[in-house]
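Report on the structure
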Amino acid sequence: MKKKNLSDSELIELLHQLPSVDDKRSMSEVYSSVIQKVNQENQKNTKKFKRYVLPAFATAACLVLGIIGLNYFNSTFNGFESADDNKNVDRSQDQINAIEPAADKPILGLVESPDNVQGNNGEKTGDPINDTLSLKINEEEWKTPVFEDSLNEGEYAVTLGLPDEQAQVFVPVSVIVKEVEGKNWLEQYNEIQNLINEEELGFSENYPLQANLFLDNQGNVNIDLYKNHSYSYGLTTETFLLKSIEVLRYINVKEIFLLENSVPGAYLSHIGDVNHFYTLNPEPKNAYFIFETNEKKYLCPSNISVNTINEALMKMKKEVPVDNLLPSIPNNISFTINSSDPSKLIISFDKGTILKETIENRIMIDAILLTAKDFGYQYVLFENINLDSIGPYDFSEAIKVPISPNLIGSYE
Amino acid sequence: MNSVFKEFYSLYHKDIYSFLFYMTKNRELTEDLVQEVYIRIIKSYERFEGKSTMKTWALSIARNVAIDHFRKENTLKKRLFSQVDWKDYEIRDTNPIPEDVIVQSDRVRLLYQCLDKCTIDQRMVIVYRYIQDLSIAETAQVLGWTESKVKTTQHRALKVLKKHLEMQLEKEGES
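The sections below set out a description of the structure shown in this document. Residue numbers here run from 1 along each chain, matching the order of that chain's written sequence. Working convention: letters from A go to chains and numbers from 1 go to ligands, in the order in which they are written. For this predicted model, a pLDDT threshold of at least 70 governs which residues receive local features, and a threshold of 80 or more governs which side-chain atom pairs are given and counted, while totals over whole chains, interfaces and linings are taken from all residues. Only hydrogens and water are set aside when side-chain values are computed; all heavy atoms of the structure are taken into account.

What about the overall build of chain A?
Tallying secondary structure elements over chain A gives eight helices and 21 strands in all. Buried residues are those whose accessible area, probed at 1.4 Å on protein chains only, stays under 20% of the maximum for their type, while exposed residues exceed 50% and partly exposed ones sit between those limits. Buried residues in chain A amount to 49% of all 412 residues. The contacts of chain A with a sequence gap of at least 6 include a subset with a gap of at least 24, amounting to 66%. Accessible areas in this description were obtained via Shrake-Rupley with a 1.4 Å probe; residue shielding takes into account the shown protein chains only. When the accessible surface of chain A is summed, it comes to about 20,100 Å², and 49% of that surface belongs to carbon and sulfur atoms. Think of it this way: any DSSP run of H or I at least four residues long counts as a helix, any run of E at least two long counts as a strand, and we number them from the N terminus. For this analysis, residues touch if any pair of their heavy atoms sits within 4.5 Å.

Digging into the sheet that holds strand S3 (residues 135-137) of chain A
Residues and elements named next belong to chain A. A sheet is described by the order of its strands in space; here four strands give the open sequence S3-S21-S5-S4, paired in mixed fashion. The sheet is open, and its two borders are formed by S3 and strand S4 (155-163), each paired with just one other strand. Across this sheet, the average inter-strand angle for adjacent strands is 30°, counted without regard to direction. DSSP-based pairing: two strands are paired if at least 2 bridges between them are found. Relative to strand S21 (residues 407-411), S3 runs antiparallel, the two being bridged by three bridges. Interaxial angle, 0 to 180 degrees, is taken between N-to-C directions of lines fitted to C-alpha atoms, where a helix line uses only the stretch in contact.

Things to note about the sheet that holds strand S20 (residues 399-400) of chain A
Residues and elements named next belong to chain A. Taken together, four strands build an open sheet; the order of strands is S15-S16-S17-S20 and the sheet is mixed. In this open sheet, the two strands that pair with only one neighbour each are strand S15 (335-338) and S20. In this sheet, S20 lies alongside strand S17 (residues 379-383) in antiparallel orientation, the contact comprising two bridges. Counterpart to Val 380 in the pairing with S20 is Ile 399. Here helix H8 (residues 359-374) sits on the sheet in contact with strand S16 (344-349), S17 and S20, set at roughly 140° to S17.

Points about the pairing of S17(A)
Residues and elements named next belong to chain A. Relative to S17, S16 runs parallel, the two sharing five bridges. Within S17, the residue paired with Lys 344 across the bridge is Tyr 379. Assessed by its sense of winding, the connection that carries the chain from S16 through H8 to S17 is right-handed. Handedness of a crossover is defined as follows: orient the strands so they point away from the viewer, and if the path from the first strand over the helix to the second runs clockwise, the crossover is right-handed.

Details of the pairing of strand S13 (residues 288-293) of chain A
Residue and element names in this part refer to chain A. Most of S13 sits out of view: five of its six residues are buried. With six bridges connecting them, S13 and strand S14 (residues 296-301) associate as antiparallel partners. Across the sheet, Phe 291 pairs through a bridge with Tyr 298, a residue of S14.

Some remarks on the environment of A:Ile347
Residue and element names in this part refer to chain A. Along the chain, Ile 347 falls in strand S16. Residue Ile 347 is classed as buried on the basis of its relative accessible area of 0%. Sequence separation between Ile 347 and Glu 383 is 36 residues, and the spatial gap between their C-alpha atoms is 6.0 Å. Dropping the residues within four chain positions of it, Ile 347 is found in contact with Leu 313, Phe 335, Thr 336, Ile 368, Val 380, Leu 381, Phe 382 and Glu 383.

Describing the packing of aromatic side chains
Two aromatic rings, drawn from Phe, Tyr or Trp (for Trp, its six-membered ring), form a pair once their centres lie within 6.5 Å of each other, and the interplanar angle then sorts them: stacked below 30 degrees, edge-to-face above 60, tilted otherwise. The full count for this structure, using the stated rule, is 18 aromatic pairs over all chains. Where B:Phe8 meets B:Tyr12, the ring centres are 5.9 Å apart and the plane angle is 55°; that geometry is what we call tilted. Here B:Tyr12 and B:Phe8 lie together in helix H1 (residues 3-24), a separation of four residues that amounts to about one turn. By relative accessible area, B:Tyr12 is classed as buried at 14%. Each member of the aromatic cluster is reached from another via a ring pair, and the members are A:Tyr31, B:Phe5, B:Tyr9 and B:Tyr38. Geometry around B:Phe21 places B:Arg27 over its ring, the cationic atom sitting 5.7 Å from the centre. Note on geometry: a ring has a charge over it if NZ (lysine) or CZ (arginine) is within 6 Å of the ring centre and within 35 degrees of the ring normal.

Examining the packing of helix H7 (residues 136-143) of chain B against helix H8 (residues 147-171) of chain B
All names here are of chain B. It is the contact of H7 with H8, at a shortest axis distance of 8 Å, that shows an interaxial angle of 100°. With respect to their mutual orientation, H7 and H8 come out roughly perpendicular. For the pair H7 and H8, the contacting residues are Ile 136, Ala 137, Thr 139 and Ala 140 in the first and Glu 147, Val 150, Lys 151 and Gln 154 in the second. The residue inventory of the contact of H7 with H8, partitioned by class, reads four nonpolar, two polar and two charged. Orientation is classified from the angle alone, with under 35 degrees giving roughly parallel, over 145 giving roughly antiparallel, 65 to 115 giving roughly perpendicular, and any other angle giving oblique. Amino acids are sorted into nonpolar (Ala, Val, Leu, Ile, Met, Phe, Trp, Tyr, Cys and Pro), charged (Asp, Glu, Lys and Arg) and polar (every other residue, Gly among them).

Here we look at the environment of B:Asn64
Residue and element names in this part refer to chain B. Considering the arrangement of structural elements, one finds Asn 64 in helix H3 (residues 54-78). Overall, the relative accessible area of 1% leaves Asn 64 in the buried class. Placed 78 residues apart in sequence, Asn 64 and Val 142 show a C-alpha to C-alpha distance of 9.8 Å.

Quick notes on unusual backbone geometry
Residue and element names in this part refer to chain A. Tyr 207 connects to Pro 208 through a cis peptide bond whose omega is -5°. Within the secondary structure, Pro 208 is located in the loop between helix H5 (198-201) and strand S6 (211-215). With phi around 45°, Asn 294 is a residue other than glycine that occupies positive phi space. Along the chain, Asn 294 falls in the loop between S13 and S14. One non-glycine residue, Asn 324, adopts positive backbone phi at about 55°. Here Asn 324 shows up in the loop between helix H7 (309-315) and S15. Overall, Asn 324 belongs to the partly exposed group, its relative accessible area being 42%.

Overview of the pattern of salt bridges
Any Lys or Arg side-chain nitrogen found within 4 Å of a carboxyl oxygen on Asp or Glu counts as a salt bridge. For the structure on display, the rule yields 14 salt bridges over all chains. A single network of salt bridges, built from pairs that share partners, joins A:Asp23, A:Arg25 and B:Glu31.

Some remarks on the nonpolar core
By nonpolar core we mean a set of buried residues, namely Ala, Val, Leu, Ile, Met, Phe, Trp, Tyr and Cys, connected to one another through side-chain atoms within 4.5 Å. Ranked by internal contacts, the top residues of the largest apolar core, which has 86 residues, are A:Tyr189, A:Ile223, A:Ile256 and A:Phe382. The element best represented in this core is H8(A), accounting for eight residues. Ranked by size, the runner-up nonpolar core spans 67 residues in total, among them B:Val4, B:Val34, B:Val108 and B:Val125.

Regarding H8(B)
Here a helix's expected span is defined as the number of its residues, less one, multiplied by 1.5 Å. If you check H8(B), its first and last C-alpha atoms are 36 Å apart, about what 25 residues at 1.5 Å a residue would give, namely 36 Å. For H8(B), the full list of buried residues reads B:Val150, B:Thr153, B:Gln154, B:Ala157, B:Leu158, B:Leu161, B:His164, B:Leu165, B:Glu166 and B:Leu169.

Points about the packing of helix H6 (residues 120-131) of chain B against H8(B)
Residues and elements named next belong to chain B. Put simply, H6 and H8 touch, their axes get as near as 9 Å, and they point 95° apart. In terms of their interaxial angle, H6 and H8 are classed as roughly perpendicular. Two secondary-structure elements touch here, H6 through Asp 121, Gln 122, Val 125, Ile 126, Arg 129 and Tyr 130 and H8 through Val 150, Thr 153, Gln 154, Arg 156, Ala 157, Leu 158, Val 160 and Leu 161. Looking at the contact of H6 with H8 residue by residue, the class counts come to eight nonpolar, three polar and three charged.

Listed below in structure tokens is the structure:
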């Protein structure tokens with residue numbers, strides 16, 4: 001059979017003959033479907049927020065019952081009726097009402113919330129898929145921290161905060177980003193915000209933030225909340241915002257300028273006024289635990305309050321059931337701590353401690369290093385270890401603390 | 001009816017629909033994605049300052065919606081995290097050929113099927129350049145690429161189409 005050879009012009013002629021396929025619907029039909037979709041999105045968002053508001057509501061209800069019970073107990077015990085009883089109940093009811101979202105408050109604003117589209121000047125403004133860069137998620141079973149030597153020339157790391165499905169803990173996750181000429185780090189951060197799919201990773205949705213993030217002329221991070229942002233719906237959603245800001249500390253952001261609809265400062269209905277100058281604590285004294293979702297392990301700072309590194313490391317041996325956090329240090333591991341050098345933490349394992357090169361032990365070292373970082377240490381020296389190294393960690397010298405936790409992928 | 005919707009529908013609906021149809025080859029899905037395009041247009045129209053044409057702006061939104069769809073679809077299908085390199089990712093057609101194409105010649109029908117052999121980037125360029133008749137400069141603007149990248153992708157796309165169309169023609173016994 002004779003092989004058919006097409007010329008380019010023949011091929012192009014054929015391509016021109018491909019018809020422009022038409023929509024069979026009328027304009028009003030298309031418009032109705034658009035409106036229907038907007039309504040569906042609104043309902044979906046409302047449900048999502050209700051999911052977070054419900055626990056807050058339950059907490060408030062418990063508080064009310066507690067207050068009522070306490071008042072009843074006091075009045076009975078003191079043998080007289082308080083004239084303020086009814087007022088107390090009314091006030092508590094007001095607190096409950098304040099937690100429930102106002103029915104008329106829009107969640108999906110059509111105007112105020114900028115979208116992932118290409119700007120008309122050719123610049124990318126939160127493009128969901130960049131032309132040349134894509135977010136590649138690694139499939140490692142456990143997510144290692146990012147170290148200085150994890151980065152090649154022209155790369156840097158950014159960190160985002162992902163809430164778990166119950167919105168109880170916030171897991172910081174990091175992405176290695178390839179620098180692009182003409183774009184600053186926050187512009188690339190904004191692109192990643194649009195690309196990250198929290199639900200596929202086993203978390204609750206958080207990004208993109210309902211705010212415009214930009215660097216001013218002095219290089220300060222400005223976070224300008226949209227006019228109709230939904231962060232004030234409950235303490236949980238307000239926490240979403242603050243935690244999302246706090247993870248910027250891993251990128252060495254020391255303070256941010258917070259605005260609401262271009263006005264300096266913000267008012268969150270449960271937390272109250274938040275200053276325009278919002279300082280991030282570089283040493284928040286966190287203990288890191290294991291958090292598992294979608295069969296992947298992450299290291300997550302807990303909500304428990306600790307004062308010393310010693311206390312933090314001891315707590316890390318026990319799970320935190322209320323937050324679904326698992327211990328990051330095996331209970332049978334014992335060590336002593338020398339924290340006299342403010343920059344170097346020395347951990348001496350007890351005599352006879354046998355460590356094997358396992359994932360659990362690697363995670364333990366990761367967790368200790370991250371915790372040390374959150375207490376302001378720059379190096380950790382591990383002593384009395386029967387192994388010379390575990391994974392990349394060489395125990396013959398002090399190990400530099402990581403830049404950030406949980407490397408989930410790259411944007412390249 | 002929203003005035004922004006009305007304006008864009010009147011001027012560019014055909015282009016938006018046709019582009020999304022050729023990218024997905026599925027009418028139902030195209031209709032869903034078209035809705036998303038209009039929602040994004042209405043949301044962000046305030047920021048449109050007229051520095052590019054309304055047409056290239058609208059088509060760039062359609063392009064973003066399409067890519068977003070493929071990313072999600074791929075992730076869902078594979079049940080693993082997306083590692084798609086759009087340069088290498090092919091779209092597979094499992095949908096019937098639409099009437100508009102059936103009435104064309106055999107060669108055009110085969111060519112329509114051969115579009116599946118192109119990557120997403122290549123198919124976008126083919127649709128913009130030869131079905132929507134955009135210039136190289138306009139295509140570059142819609143895609144946010146350089147003109148040379150458009151030309152290279154176009155060259156590769158034509159090569160792929162030529163190879164597969166020739167094979168199909170040979171199979172069908174056309175000489």
